[in-house]
Amino acid sequence: MSDALINGLAGAGGGIIAQLITYPLQTVNTRQQTDRNLKKEKQKFGTIEQMYQVVRQEGWDRLYGGLAPSLVGTAASQGVYYYFYQIFRNRAELAALEGKKKGIGDGSVGMFSSLLVAALSGCVNVLLTNPIWVVVTRMQTHTKKSKGSHPQPVASEDAIIAVVEPPPFGTTHAIQEVYDEAGMWGFWKGVFPTLIMVSNPSIQFMIYETLLKKIRKRRASSTKGTNDVTALEIFLLGAVAKLGATVVTYPLLVVKSRLQAKQVIAGDKRHQYKGTLDAIMKMIRYEGFYGFYKGMGTKIVQSVLAAAVLFMVKEELVRGAIWLLTGSAAVTVRSKPP
């Protein structure tokens, strides 16, 4: 089994576990990003309060709206990303070694090469998986009337139940809604800001690998002569790396969510976006720069926790897979470039 396939499968497994743990935070965050009701600005709720509001008014299940396609998307995204990342990384390492033979560099992959590798992997991932995330955004932002908000009296008890409890908004409903609204192109809404957002994992991995490299070098030069890193250290490195990347790229994430959420055709034109530039200009005009950072506190908690769990689980899965295949996990991990 190739390193690329092992890393791809491990990335998918780590992504699924991280998604299951942090999904309610992701749902609340998506709603915060796509909230365009300017009258609600004075009624700001914290993350926990908003989660409570969703549960009280719509039920526990709405915190996990779109979980099934999200898990598919996470597995696909992480699998695709890590698979191509490892392929591009291997080529970069070979190029670095060739350069060393010619007297150029020290044989290790530098920051710029790591950034480029992550960016290329991210672009492939975005183009292949964007339709899944459009569907997930629709399902996360779909709101259900609270059971306590009864409409006008109707004829029968069955009709009352039908009004108060509408049919569940499932994956097929979201797909049909996107297609009816914009055709096949609708599944690639928000792809432009998402492509720009490949800088997020690029920055994340640059920070992560730079810190990891320093730790392994320090360990290798110690008396023990080992550059192994513990799961807890991987967890903390992943958290720090994701924190830095999230703060820099968050405005793009808000624009992407606005474009992918349902567009109310008959609603306020201030909330209707024709494209990325139109969305940016309207947000600046009607909401100010604050609009680009809606829900950032929730996102930082969710993304940092998810990234930390993902890195930790992925590394452990890679070690376990290598140990099962070769019985020498520690040697293989240490043999990576410091």
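Residues numbered from 1 in each chain as written. Predicted model: local features only at pLDDT ≥ 70, side-chain atom pairs only at ≥ 80, totals over all residues. Heavy atoms only, no water.

Peer 1: Please set out the overall build of the protein residue by residue, giving values where relevant.
Peer 2: Counting secondary structure elements, the protein contains twelve helices and zero strands. Counting from the amino terminus, the protein carries its helices and strands in the arrangement α-α-α-α-α-α-α-α-α-α-α-α. Of all 338 residues assigned to the protein, the portion counted as buried reaches 45%. A fraction of 80% describes how many contacts in the protein between residues 6 or more apart in sequence connect residues 24 or more apart. When the accessible surface of the protein is summed, it comes to about 17,700 Å², and 66% of that surface belongs to carbon and sulfur atoms. (Helix = DSSP H or I, 4+ residues; strand = E, 2+ residues; numbered from the N terminus. Buried < 20%, exposed > 50% of the residue type's maximum accessible area, 1.4 Å probe, protein only. Contact = heavy atoms within 4.5 Å. Areas by Shrake-Rupley, 256 points an atom, 1.4 Å probe, with all protein chains shown as cover.)

Peer 1: Got a sec to walk through the UniProt feature "transmembrane region" (unreviewed entry) in the protein? Specific residues and values, please.
Peer 2: The UniProt feature table records "transmembrane region" (unreviewed entry) at residues 109-128, 187-208 and 229-253. Each end of residues 109-128 is marked by a C-alpha atom, and these two atoms are 27 Å apart; helix forms 90% of the span and strand 0%. Helix and strand shares over residues 229-253 are 92% and 0% respectively, and the end C-alpha atoms of the span are 32 Å apart. (UniProt positions renumbered as here; feature names shortened; annotations may be inferred.)

Peer 1: An account of the nonpolar core is needed here, citing residue identities and associated values.
Peer 2: One finds Phe 205, Tyr 208 and Phe 311 to be the most contacted residues of the largest nonpolar core, which totals 21 residues. Mapped by element, the contributors of at least two residues to this core are helix H3 (67-101), helix H4 (111-141), helix H8 (199-220), helix H9 (231-260) and helix H11 (296-326). Of the residues forming this core, the biggest block, six residues, is contributed by H11. Judged by nonpolar contacts, the second largest core, of ten residues, contains Met 197, Val 254, Val 255 and Leu 259. (Core = buried A, V, L, I, M, F, W, Y, C linked by side-chain atoms within 4.5 Å.)

Peer 1: Report on the environment of Val 247, specifying residues and quantitative values.
Peer 2: Topologically, Val 247 is positioned in helix H9. The class of Val 247 is partly exposed, set by a relative accessible area of 38%. When the C-alpha atoms of Val 247 and Gly 297 are compared, they prove to be 9.7 Å apart, with 50 residues separating the residues in sequence. In contact with Val 247, not counting residues within four places along its chain, are Tyr 293 and Ile 300.

Peer 1: Requested: an account of the packing of aromatic side chains, with residues and values cited.
Peer 2: Considering all chains together, one arrives at eight aromatic pairs under this definition. Considering the side-chain rings of Tyr 81 and Tyr 82, the 5.7 Å spacing of their centres and the 85 degrees angle between planes classify their relative orientation as edge-to-face. Each member of the pair, Tyr 81 together with Tyr 82, is buried. Judged by centre distance (5.4 Å) and plane angle (90 degrees), the ring pair of Tyr 83 and Phe 84 falls under edge-to-face. The exposure class assigned to Tyr 83 is partly exposed, which follows from its relative accessible area of 33%. Using a relative accessible area of 25% as the deciding quantity, one classes Phe 84 as partly exposed. (Phe/Tyr/Trp six-rings, centres within 6.5 Å; stacked < 30°, edge-to-face > 60°.)

Peer 1: Now, about the pattern of salt bridges: what can you tell me, with residues and values included?
Peer 2: Counted according to the given criterion, the structure contains twelve salt bridges. A salt bridge links Arg 89 to Glu 209; the shortest N-O distance between them is 2.8 Å. Of this pair, Arg 89 sits in helix H3 while Glu 209 sits in helix H8, and the two are 120 residues apart along the sequence. Judged by its relative accessible area of 18%, Glu 209 falls in the buried class. (Salt bridge = Lys/Arg side-chain N within 4 Å of Asp/Glu carboxyl O.)

Peer 1: Any chance you could break down helix H2 (residues 47-58) for me, citing the residues and the numbers?
Peer 2: When the terminal C-alpha atoms of H2 are compared, their 16 Å separation across twelve residues agrees well with the 16 Å that a helix rising 1.5 Å per residue should span. All buried positions along H2 are accounted for by Met 51, Val 54, Val 55 and Glu 58. Taken around the axis of H2, the buried residues stretch over an arc of 105 degrees, which confines them to a single face. Exposed side chains of H2 directed beyond 90 degrees from the buried face belong to Tyr 52 and Arg 56. Where H2 is buried, its residues touch helix H1 (3-34). Directly after H2, the chain includes Gly 59, whose backbone phi takes a positive value near 100 degrees. (Expected span 1.5 Å × (residues − 1). Arc of directions from axis to C-beta.)

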